Amino acid sequence: MTVELNERFARLARAVAVERDKSAFAQLFDYFAPRIKSYLLRLNMQPQEAEELAQEVMIVLWHKAGLFDPAKSSLATWLFRVARNRRIDALRRDRGKDLDAEDPSLLPSAPEAPDLVMDAQQRDERVRRAMSVLPAEQLELVRLAFFIGLSHSQIAEETGLPLGTVKSRIRLAFGRLKKALEDDPRIDTDD
Amino acid sequence: MVREHIDTIDSLMARYVAGTLPLPAHVLVQSHLELREGARTFVSDLEAMAGDTLESLAPAPIAARDDLLDRIFQSKPDSIRLTPMDFRTDMPRTAPSEGSMPLALRDFVGFDIADVPWRTKMPGFKEYDMGEIDGCHVSMFWLRPGRAVPAHTHHGCEISLVLKGAFSDGMGRYGPGDISVADDDIDHRPVAESHGPCIGFAVTDAPLRLTGSFRQLIGDLIG
C-alpha cells in the first residue's frame, strides 16, 4: 500500500470504467487476481473454487469499476470487501440458505454523514502509521487472526507457538494497534 | 473485567471485517453499526488494514490467465450481484427510526419490533426463539422493566445487542446499540432498567455445533 500504487490503481480503474480499457484491466487483474486467490486459499478454499471466486471478483471490477470511489477507499480495500462478501454469499448458498436477499435499492453513492467522511488517502496513511508501530512478527499474527480470519488454533499450528502464547500475543498486538489508531485521530475533510 | 470486555468487542469487529463470524453474529454487528455511527470509523480503519493485508499476500499463480481474461471480457454484467456492503462499512439506508429495528436485523428476523411474535417464557420475560442458524442459537428477548433474566441455561458464549431500553449485569450497563458479550465464566444476570422494557437480539454458541463448519465459535473471541 503506497500512495503511488493506490493512485496508479485508481487511474487504471478509471480507464476500465470510462474507456473499457482491456490492457488497463489486465494490469489490475495481474496484480489483484493472484492475491485474492491467495487470500481465499488461506481460508482453506479449494484451488479451483478460489480461482473461480477470484474470477467473480474480477468480473465485478470489469463491469462495475465505475462504482469504485477512490475518495472512499483504496482499490485493494474495495476488492477485499467484494471478495469477502462473495465468499460469505458462497458459504450461505452452500448451506442452502438465502437469508439475505439482495438489496434492490442499491445506491452506492448514498451520502455519508459529513462527520464520517475521511479522505481514503488520509485513512490509509493513518492506518499504515498505526501498523508500523508493530514489529513484523506481531503484525503478521494480527493479519492472520483478524484480516485473514484464521482461528487461534490454526495460527498456533502454523507458527508452532503454544496456543496460550498465540492468544496473549494477538491480544497484546491488537491492543497496541488500536491504541496507535486512537492516538492518531482522524482529521475530517471538508466535503 | 472492563478491559477484557473492550478487547472482546474489538475482536468481534475484526472478525466481522474478516467475514468469519457465523451469520447471526454478522447480522448483529451490522445492526450495531447501523445504530452506532462512532463504531463505523474503527471498522473502516480495520477494512483499510484488511485491504493492505490483501496486498501483502504472496500472489498465488492463476493457471489459465489468458482464458480467464477472455471469459471476463465476454461476461455479461447482468449476472453481477452487488450488495451495499461492497461499498461501505454500514448500510446505505435510512437510519432506523425510534422504536424500529436496524434494517439488517429486520431483514434477518423478518419482523419489525412491533410485530415480533413473542412467547411468554415467564412473567415479565418474553422470547422469540429463532432456533439454530449457522451453528448458533438465535433469539430476541423482551424484559419487563426491572425484570432479571434468570440464571442462563446456555453453554458457551452469548452476544446480545440492545435495541430498546437498557439492561445491566455484572459487567456494565447496556443501552440501545450496545453489545454485551458474556460466557459461562461471567456473572451474566441481566436486569432490565426500571423506566421501560428492554428489547434485544441474542446470539449464543449452540451447544451442539455442526461438524465440518470452519466458522469459529463466538467463544473464540474471548480467547
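As the structure is a computational prediction, the values presented were derived from the model and not from experiment. (Residues numbered from 1 in each chain as written. Chains lettered and ligands numbered in written order. Predicted model: local features only at pLDDT ≥ 70, side-chain atom pairs only at ≥ 80, totals over all residues. Heavy atoms only, no water.)

**Student:** Which residues make up the overall build of chain A, and what are the values?
**Tutor:** Check the secondary structure of chain A and you find eight helices and zero strands. The secondary structure elements of chain A, listed N-terminal to C-terminal, are α-α-α-α-α-α-α-α. Of all 191 residues assigned to chain A, the portion counted as buried reaches 52%. A sequence separation of at least 24 residues applies to 65% of the contacts in chain A between residues at least 6 apart. (Helix = DSSP H or I, 4+ residues; strand = E, 2+ residues; numbered from the N terminus. Buried < 20%, exposed > 50% of the residue type's maximum accessible area, 1.4 Å probe, protein only. Contact = heavy atoms within 4.5 Å.)

**Student:** Which residues make up the overall build of chain B, and what values do they have?
**Tutor:** Along its length, chain B carries five helices and nine strands. Out of the 223 residues in chain B, the part that is buried amounts to 61%. If you take every contact in chain B between residues at least 6 apart in sequence, the share linking residues at least 24 apart comes to 63%. Put simply, chain B shows about 9,100 Å² of open surface, and 53% of that area lies on carbon and sulfur atoms. (Areas by Shrake-Rupley, 256 points an atom, 1.4 Å probe, with all protein chains shown as cover.)

**Student:** So, the confidence of the model for chain A: which residues are in play, and what are the values?
**Tutor:** Low-pLDDT portions of the prediction should not be read for the details of their coordinates. Residue and element names in this part refer to chain A. Summarising the model, chain A shows a mean pLDDT of 83, and 83% of its residues fall at 70 or more. The lowest-confidence element of chain A is helix α4 (residues 75-94), averaging 86 in pLDDT; the highest-confidence one is helix α2 (residues 22-42), averaging 96. Across residues 97-116, confidence stays below pLDDT 50; counting only partners more than four residues off in sequence or on other chains, it has 39 contacts. (pLDDT = per-residue confidence, 0-100.)

**Student:** For the nonpolar core, give the residues involved together with the corresponding values.
**Tutor:** Core analysis: the largest hydrophobic core is formed by 112 residues, its most contacted members being F25, F32, I36 and L75 of chain A together with M140 and F201 of chain B. In terms of residues, this core owes the most to one element, α2 of chain A, which gives eleven residues. Apart from residues lying up to four places away in sequence, F25 of chain A is in contact with V16, M58, L61 and W62 of chain A together with L69, I72 and F73 of chain B. (Core = buried A, V, L, I, M, F, W, Y, C linked by side-chain atoms within 4.5 Å.)

**Student:** Requested: an account of the environment of E19 of chain A, with residues and values cited.
**Tutor:** Residues and elements named next belong to chain A. Secondary-structure assignment places E19 in helix α1 (residues 3-19). Overall, E19 belongs to the exposed group, its relative accessible area being 57%. Expressed as a C-alpha distance, the spacing of E19 and A173, which sit 154 residues apart in the sequence, is 44 Å.

**Student:** Outline the sheet that holds strand β5 (residues 167-168) of chain B, supporting the account with residue identities and numerical values.
**Tutor:** Neighbouring strands of a sheet are bound in pairs by backbone hydrogen bonds; such pairs are parallel or else antiparallel. Residue and element names in this part refer to chain B. The three strands lie next to each other as β6-β5-β8, forming an open sheet whose pairing is antiparallel. Pairing within the sheet leaves two strands with one partner each, and these edge strands are β6 (173-174) and β8 (191-192). Inspection of the sheet shows β5 paired to β6 by two bridges, in the antiparallel sense. Paired with F167 across the two strands is Y174, which belongs to β6. (Pairing = 2+ DSSP bridges.)

**Student:** Help me get a handle on the sheet that holds strand β2 (residues 125-133) of chain B, residues and values and all.
**Tutor:** All names here are of chain B. Sheet architecture is open: six strands sit in the order β1-β2-β3-β9-β4-β7, paired in antiparallel fashion. Because the sheet does not close on itself, it has two edges, and the strands there are β1 (119-122) and β7 (179-182). On average, each strand axis in the sheet is inclined to that of its neighbour by 30°, with strand direction left out of account. Summarising the sheet, β2 and strand β3 (residues 136-143) pair through eight bridges and their orientation is antiparallel. The residue bridging E127 from the neighbouring strand is F141, located in β3. Here helix α2 (residues 23-35) sits on the sheet in contact with β2, β3, β4 (158-164), β7 and β9 (198-205), set at roughly 35° to β4. (Axes fitted to C-alpha atoms, helices over the stretch in contact; angles between N-to-C directions.)

**Student:** Please set out the pairing of β3 of chain B residue by residue, giving values where relevant.
**Tutor:** All names here are of chain B. Most of β3 sits inside the fold, with seven of its eight residues counted as buried. Joining the antiparallel neighbours β2 and β3 is a turn of two residues, in which D134 adopts a positive phi near 50°. Both β3 and β9 contribute to a ladder of eight bridges, which runs antiparallel. Bridge pairing in β9 places S139 opposite A202.

**Student:** An account of the pattern of salt bridges is requested, with residue identities and associated values reported.
**Tutor:** With the rule as written, the count across this model stands at 18 salt bridges over all chains. For D45 of chain B, the salt bridge identified is with R126 of chain A, shortest N-O distance 2.9 Å. Taken together, the residues span two chains, with D45 of chain B in helix α3 (residues 37-56) and R126 of chain A in helix α5 (residues 120-131). Assessed through its relative accessible area of 6%, R126 of chain A is described here as buried. (Salt bridge = Lys/Arg side-chain N within 4 Å of Asp/Glu carboxyl O.)

**Student:** Lay out helix α7 (residues 152-159) of chain A in plain terms, naming residues and giving numbers.
**Tutor:** All names here are of chain A. For α7, every residue scored as buried is listed here: H152, I155 and A156. Taken down its axis, α7 places every buried residue within 105° of arc, on the same side. Following α7 by one or two positions, G160 adopts a phi angle in the positive range, close to 75°. (Arc of directions from axis to C-beta.)

**Student:** A description of the environment of D134 of chain B should follow, citing residues and the corresponding values.
**Tutor:** All names here are of chain B. The topology assignment puts D134 in the loop between β2 and β3. Judged by relative accessible area, D134 falls into the buried class, the value being 8%. In this structure the C-alpha to C-alpha distance between D134 and L54, which are 80 residues apart in sequence, comes to 27 Å. Within the structure, the side chain of D134 is placed 2.8 Å from the backbone nitrogen of L23, a separation counted as a polar contact. (Polar contact = N/O pair within 3.5 Å; in protein donor to acceptor, adjacent residues only side chain to side chain.)

**Student:** Can you lay out the environment of A83 of chain A for me, pointing to particular residues and giving the numbers?
**Tutor:** Residues and elements named next belong to chain A. For A83, the position within the fold is in helix α4. Separated by 26 residues in the primary sequence, A83 and V57 have C-alpha atoms spaced 5.9 Å apart. Discounting residues that sit within four places of it in the chain, A83 has contacts with I36, Y39, L53 and V57.

**Student:** Break down the packing of aromatic side chains for me, with residues and values.
**Tutor:** All names here are of chain B. Scanning the model with the defined rule gives 15 aromatic pairs over all chains in all. Taken together, a centroid distance of 5.7 Å and an interplanar angle of 85° make the contact between F111 and Y128 edge-to-face. Highlighted residues: F111 in the loop between α5 (103-109) and β1 and Y128 in strand β2, separated in sequence by 17 residues. Looking at Y128, the relative accessible area reads 19%, which means it is buried. Measuring from centroid to centroid gives 6.3 Å for F141 and F167, while their planes differ by 65°, and the two rings are edge-to-face. (Phe/Tyr/Trp six-rings, centres within 6.5 Å; stacked < 30°, edge-to-face > 60°.)

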